[in-house]
Amino acid sequence: MSSSDSPGSPTLAHTPLHRLHVELGAKMVPFAGYAMPVNYPSGILKEHVQTRTHAGLFDVSHMGQIHVGGSAAARALESLMPMDISNLQVDRQRYGLLTNQVGGILDDLMITRTADHFCLVVNASRKAEDFAYLRQHLLPACTVEQRTDLALLALQGPEAAKVMARLAPAATRLNFMMSVSTAMVGVQCLITRSGYTGEDGFEISAPNSHAETLARALLEQPEVAPIGLGARDSLRLEAGLCLYGHDIDLNTTPVEANLTWALAKSRQDGFPGAAVISEQMKNGASRRRVGIRPQGPLPLREGSVLLNEAQTTIGKITSGGFGASVDGPIAMGYVETAWTTLGAQLHATVRGKSIPCQIVKLPFIQHRYFRN
Amino acid sequence: MPTIKFTQDHEWIRVEGDTGIVGITDFAQEELGDLVYVELPEIGKHFSQGTEVAVIESVKAAADLKAPVSGAVTEVNASLTEEPGKVNADPMGAGWFYKIKITAASELDALLDETAYAAFVKK
């Protein structure tokens, strides 16, 4: 048996929960410069189902937390993003994109407004670039701080709120995409009601020094089990959510990525790539990100080419795997606009075999965000 | 008395007479994670040692099984197509992949015995 999966091991950074992961028997792999748990002894499938049926705890401390402050911060951030940041209320969170001059995506992020600053959560693989870029464009008008002193935990799943009711009751009063600064088992945290699984859930930003205390308190709850990056990936894929560097990158625009819902109608210009993005908003893009269901049991993987009946290449898979909750293979990818109709029949070639697949609606599972 | 041999590709072959039963080791299933797809060889087909016989996909990656010795496939564990998870649950037992009629028994000599394989995995 041989596998293409062979991670090298240069010097890897550790999150504050490293010791706990090892103690829990996690299989640690290199990810964005960190040693991260890909799965615990129960394995990816069980962890996936655990999160969809009960609650899962994820260590996402490898992600970047950048705080932007100053009275000009909202306008300054708007100069870099096709979002309305000025109208984001205190204690509210929004999904955002940093775009480049040609309308490509530098990174996708979550932005929360607190009483005195904006808290950005950016991708681990992009955090160094993002931090330099934000400093370059926002200093000296704003303050830009990389908060390496903060850890980030995510508690996701239909029973997450029940757990939070015991440990941080203030968080259960939040709706989806709201935040609160509150104490959790004696530790001051910034908690948002959001996540990357399609489930109800919370993300908890807390000092590194107390991350392990919080994680252990959460794992003591009967509803909660630790979940690794493997299930995090299959959960977000089922939820139709993009993974930076795969489904979106410098060469995909928000319109191509089917992220127009995240763009502010009020923002036609004044951000990088506005001309390209506005033009695509009006006239459409030549390709679009779609959901893809392979027929049969074989998962399609990133990089697989999609063909039409005439054997012409019309697209490519950008994320693919097995959806444990839909009990079959699922994928996302980009296809030429003419082939993005729901139900369109395409095929991929895997090891010389033609695999029929169909364009389907995203997400693959129903989102269960909490909106009271 | 059946003998069991291992390859450096983390497969096992249990030899009974001139037939070998082939599967992947516990180490292999652990490394791959939960299997979600198994593609078995055609019965009757001949494979040379080291060539690709079967394909598996786990939640993480695709991998192939290479013939540990040359021979013709005589039987496959068809239940794996419906239940690939059997390989994770019982890799050395119910999770066997196929039986092969060995054409060159001398090829077995170069494979690892249980002790040598255990040492190889520890490295």
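Scroll up for the structure.
These remarks concern the structure in this document. As the structure is a computational prediction, the values presented were derived from the model and not from experiment.

1. A short note on unusual backbone geometry
All names here are of chain A. With an omega of 0°, the peptide bond between leucine 139 and proline 140 qualifies as cis. Within the secondary structure layout, proline 140 lies in the loop between α4 (127-138) and β9 (143-146). The residue after leucine 362, namely proline 363, is reached through a cis peptide bond having omega -5°. Along the chain, proline 363 turns up in the segment after β20 (353-360). Positive phi outside glycine occurs at aspartate 91, with the angle close to 70°.

2. A closer look at the sheet that holds strand β3 (residues 19-24) of chain B
Strands in a sheet are paired, the pairing made by backbone hydrogen bonds, and the direction either parallel or antiparallel. Residues and elements named next belong to chain B. Ordered by their spatial adjacency, six strands build an open sheet running β1-β2-β3-β9-β8-β5, and the pairing between neighbours is antiparallel. Among the strands making up the open sheet, the edge pair consists of β1 (3-6) and β5 (46-47). Where β3 and strand β9 (residues 98-102) come together, four bridges link them in antiparallel fashion. When the sheet's bridge partners are listed, threonine 19 is paired in β9 with lysine 101.

3. What about the interface of chain A and chain B?
Contacts between the two partners involve 18 residues from chain A and, on the opposite side, 20 residues from chain B. Those elements giving two or more residues to the side of chain A that touches chain B turn out to be β1 (2-3), α2 (44-53), α7 (229-238) and β17 (313-323) of chain A. A per-class count over the side of chain A that touches chain B returns seven nonpolar, eight polar and three charged.

4. Here's the deal with the environment of leucine 235 of chain A
Residue and element names in this part refer to chain A. Mapped onto the fold, leucine 235 is located in helix α7. C-alpha of leucine 235 to C-alpha of glutamate 47: the two residues are 188 residues apart in sequence and 9.7 Å apart in space. If near-sequence neighbours (up to four positions away) are discounted, leucine 235 is found in contact with His48, Thr51, Thr197 and Gly198.

5. Brief notes about the nonpolar core
All names here are of chain A. Residues Val68, Leu120, Leu153, Leu155 and Ile204 are the most contacted members of the largest nonpolar core, which totals 103 residues. When residues of this core are assigned to their parent elements, the largest contribution, six residues, is made by strand β10 (residues 150-156). Residues within four places of leucine 153 in sequence aside, it is in contact with Leu57, Phe58, Asp59, Ile204, Ala211, Leu214 and Ala215. Grouped together as the second largest cluster of nonpolar side chains are 16 residues, Leu306, Tyr334, Cys357 and Ile359 included.

6. Re the pairing of β20 of chain A
Residues and elements named next belong to chain A. By the bridge criterion, four bridges tie strand β15 (residues 287-294) to β20 in an arrangement that is antiparallel. Bridge pairing in β20 links arginine 293 to glutamine 358. Bridge analysis of strand β19 (residues 345-350) against β20 gives six bridges, and the strand direction is antiparallel. Its bridge partner lying in β20, glutamine 345 is registered against glutamine 358. Hairpin geometry of β19 and β20 is characterised by an intervening segment of two residues between the two adjacent antiparallel strands and by a positive phi of about 50° at arginine 351.

7. Focus: the pairing of strand β6 (residues 52-58) of chain B
All names here are of chain B. Most of β6 is tucked away, with five of its seven residues classed as buried. Pairing of strand β4 (residues 35-39) with β6 involves four bridges; the strand directions are antiparallel. By the bridge assignment, leucine 35 is partnered in β6 with serine 58. Strand direction decides the pairing type here: β6 and strand β7 (residues 62-66), joined by five bridges, are antiparallel. Paired with glutamate 57 across the bridge in β7 is alanine 62.

8. Structural notes on the sheet that holds strand β5 (residues 64-69) of chain A
Residue and element names in this part refer to chain A. Across the sheet, five strands lie side by side as β6-β7-β8-β5-β9; this open sheet has antiparallel pairing. The open sheet has two free edges, formed respectively by β6 (92-99) and β9, since each of these has just one partner strand. Geometrically, the sheet is characterised by an average inter-axis angle of 25° between neighbouring strands, direction not taken into account. Strands in contact with α4 are β5, β6, β7 (105-113), β8 (117-122) and β9; relative to β5, the strand with the most contacts, it is inclined by about 10°.

9. A look at the packing of α2 of chain A against α7 of chain A
Residues and elements named next belong to chain A. Taken N-terminus to C-terminus, the directions of α2 and α7 make an angle of 55°; their axes are 8 Å apart at the nearest point. Of the possible angle classes, the one that applies to α2 and α7 is oblique. Between α2 and α7 lies a crossing of right-handed hand. Of α7, the residues touching α2 (which contributes Ile44, Glu47, His48 and Thr51) are Gly230, Ala231, Ser234 and Leu235.

10. Here we look at the environment of valine 224 of chain A
All names here are of chain A. With respect to the secondary-structure elements, valine 224 resides in strand β14 (residues 224-226). For valine 224, a count of 24 C-beta atoms within 10 Å gives the class buried. Those residues in contact with valine 224 that sit more than four places away from it in its chain are Ala55, Leu57, Leu155, Val163, Leu218 and Leu219.

What counts as what
- Residues numbered from 1 in each chain as written.
- Chains lettered and ligands numbered in written order.
- Predicted model: local features only at pLDDT ≥ 70, side-chain atom pairs only at ≥ 80, totals over all residues.
- Helix = DSSP H or I, 4+ residues; strand = E, 2+ residues; numbered from the N terminus.
- Pairing = 2+ DSSP bridges.
- Contact = placed C-beta atoms within 7 Å.
- Nonpolar A, V, L, I, M, F, W, Y, C, P; charged D, E, K, R; others polar.
- Core = buried A, V, L, I, M, F, W, Y, C linked by C-beta atoms within 7 Å.
- Buried ≥ 20, exposed ≤ 12 C-beta atoms within 10 Å, placed from the backbone.
- Axes fitted to C-alpha atoms, helices over the stretch in contact; angles between N-to-C directions.
- Parallel < 35°, antiparallel > 145°, perpendicular 65-115°, else oblique.
- Left-handed = near helix turned anticlockwise from the far one by under 90°.

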